Amino acid sequence: MIISPLRLRLDGDALVSNWRTLAAMSGGAACGAAVKANGYGLGAREVVQRLAGAGCRDFFVATWREAAGLADLGVSVSVLHGLREEDLPVAVGAATIRPVLNTVQQVQRWRDAGGRACDVMVDTGMNRLGIAPEDVSTGLLDGLEVETLMSHLASADEDVPLNRLQRDRFAALAGKSGARRMSLANSAGIGLGQGYAFDLTRPGIALYGGIPARAFAGPIRQVVTPEVQVLQRRRVAAGQSVGYNATWTAAADTEVAILNLGYADGYLRCFSDKGSAIASGFRMPVIGRVSMDLTAIDASAVPDLAEGDWVAIDYALPEAAVLSGMSQYELLTALGARYDRMWY
């Protein structure tokens, strides 16, 4: 097997610790885990196995293809994007996978197919996915075996009136759908307090080291650290430039290391002249423009850094988001297929 020159160092203890923190913050509600987008880029199977071992019982993906990749693990999986005609052959016979029905048409499709347990999404103000609250009140779901009635907060990471409006609209549906459980809060929603937890919370980004709100800044631990190898070390003389379009020019003779990393790996151009790498306890700034497969750093502070050595990329999600102008979600899910994913 060929070892990649890029790897993601994944802290399994931090992942489990984050879930336990979120479970404690959820109070009496059960705490699930969003593992869509291949576990936010970490590897959904590995995430599910670790969290299931810690006690997590509810997992959420976007599509039926994602769900099929977890079917043999024997865990409860909800498919957030609902139920197309194309999904019915798999969905009807799935023992541990449920559709999250989002439209009147999907409800009828599931009913006509004789489907068993399902989840249902209600739109309480995000105007993205979900049936109307009035559909629940007027009996659309009558006769269905609804496991979880859910909705999704539009602005849980902000203190805005819409949060309370959505919570109140959702709470008004209690007892009207026959659902066994109700679920509203995502990661940031957990931080809004017990009034948002209902019966089940559905954290995502905070599991993986993201900080969606101030309430998470202390207990949530970093899970993902990209590490890459040095391809070449070179001395750049004063007055010479590095990289495309010569955006960085050496003010003095500078030791430069070229890294096997670029925007094709999710380390995007917005880190040009802003990002940094770490080796031997020293921070080395990115210099010049990040290109498709290569990034240059000023290695003057680490004189023994050489070809083939590994460096860690400074990628704590909240700080990297401020630095790059990208969301923590984008930073995490953009990390590409060329990384080996190494759990510790």
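The protein is annotated in an unreviewed UniProt entry as alanine racemase from Sphingomonas koreensis. The Sequence similarities (unreviewed entry) comment attached to the protein in UniProt states, word for word, "Belongs to the alanine racemase family." We quote the UniProt Catalytic activity (unreviewed entry) comment for the protein here in full: "L-alanine = D-alanine".

Undergrad: Honestly, the UniProt feature "domain: Alanine racemase C-terminal" (unreviewed entry) in the protein in this entry has me stumped. Any pointers?
TA: Following the UniProt record, the feature "domain: Alanine racemase C-terminal" (unreviewed entry) maps to residues 223–344 here. Summarising residues 223–344: 11% helix, 37% strand, and an end-to-end C-alpha distance of 10 Å.

Undergrad: What am I meant to see in the domain arrangement of the protein here?
TA: Interface size is commonly expressed as the accessible surface area that is lost when the partners come together. As far as domains go, the protein holds domain 1 (12–212) and domain 2 (224–343). In this structure, domain 1 and domain 2 have C-alpha centres spaced 37 Å apart. Tallying the contact residues gives 14 residues for domain 1 and 9 residues for domain 2. When domain 1 packs against domain 2, the two sides together hide about 1,100 Å² of surface, and 67% of this comes from carbon and sulfur. Together, Tyr40, Leu42 and Ile205 form the three largest contributors to the area buried by domain 1 at its contact with domain 2, with a combined 43%. At the junction of domain 1 with domain 2, the criterion picks out 0 salt bridges. The tally of links between domain 1 and domain 2 comes to 2 residue pairs in polar contact (both at pLDDT 80 or more). If you tally residues by element for the side of domain 1 that touches domain 2, the top one is helix α3 (residues 44–54), at 3 residues. Class assignment for the residues of the side of domain 1 that touches domain 2 results in 8 nonpolar, 4 polar and 2 charged.

Undergrad: How should I be thinking about the pairing of strand β15 (residues 276–279) in this particular structure?
TA: For a regular strand, side-chain orientation follows a simple rule: the groups alternate between the two sheet faces. For β15 and strand β16 (residues 282–287), the ladder comprises 4 bridges, and the chain directions are antiparallel. The residue bridging serine 276 from the neighbouring strand is proline 285, located in β16.

Undergrad: Explain the side chain of threonine 254 to me, please; I cannot follow it from the model alone.
TA: Residue position: threonine 254 is located in strand β14 (residues 254–259). Overall, threonine 254 belongs to the buried group, its relative accessible area being 7%. A polar atom in the side chain of threonine 254 sits 2.7 Å from the backbone oxygen of alanine 252. The contacts of threonine 254, once residues within four sequence positions are left out, are Arg234, Arg235, Val236, Trp248, Asp298 and Ser300.

Undergrad: What is the right way to look at the UniProt feature "binding site: substrate" (unreviewed entry) in the protein in this model?
TA: Residues annotated by UniProt as "binding site: substrate" (unreviewed entry) correspond here to Arg128 and Met292. Considering the C-alpha atoms alone, the annotated residues occupy 165 residues of sequence and remain spread out, their largest mutual distance being 33.9 Å. Summarising the element assignment, arginine 128 is placed in the loop between β7 (118–121) and α7 (133–137). Those residues within four positions of arginine 128 in sequence are excluded, and the remaining contacts are Asp123 and His152. Along the polypeptide, methionine 292 turns up in the loop between β16 and β17 (295–298). Non-local contacts of methionine 292, meaning those with residues more than four positions away in its chain, are made with Gly262, Tyr263, Ala264, Asp265 and Arg338.

The rules behind these values
Residues numbered from 1 in each chain as written. Predicted model: local features only at pLDDT ≥ 70, side-chain atom pairs only at ≥ 80, totals over all residues. Heavy atoms only, no water. UniProt positions renumbered as here; feature names shortened; annotations may be inferred. Helix = DSSP H or I, 4+ residues; strand = E, 2+ residues; numbered from the N terminus. Domains from an automatic or database assignment. Contact = heavy atoms within 4.5 Å. Buried area = accessible area lost by both parts, 1.4 Å probe. Salt bridge = Lys/Arg side-chain N within 4 Å of Asp/Glu carboxyl O. Polar contact = N/O pair within 3.5 Å; in protein donor to acceptor, adjacent residues only side chain to side chain. Nonpolar A, V, L, I, M, F, W, Y, C, P; charged D, E, K, R; others polar. Pairing = 2+ DSSP bridges. Buried < 20%, exposed > 50% of the residue type's maximum accessible area, 1.4 Å probe, protein only.

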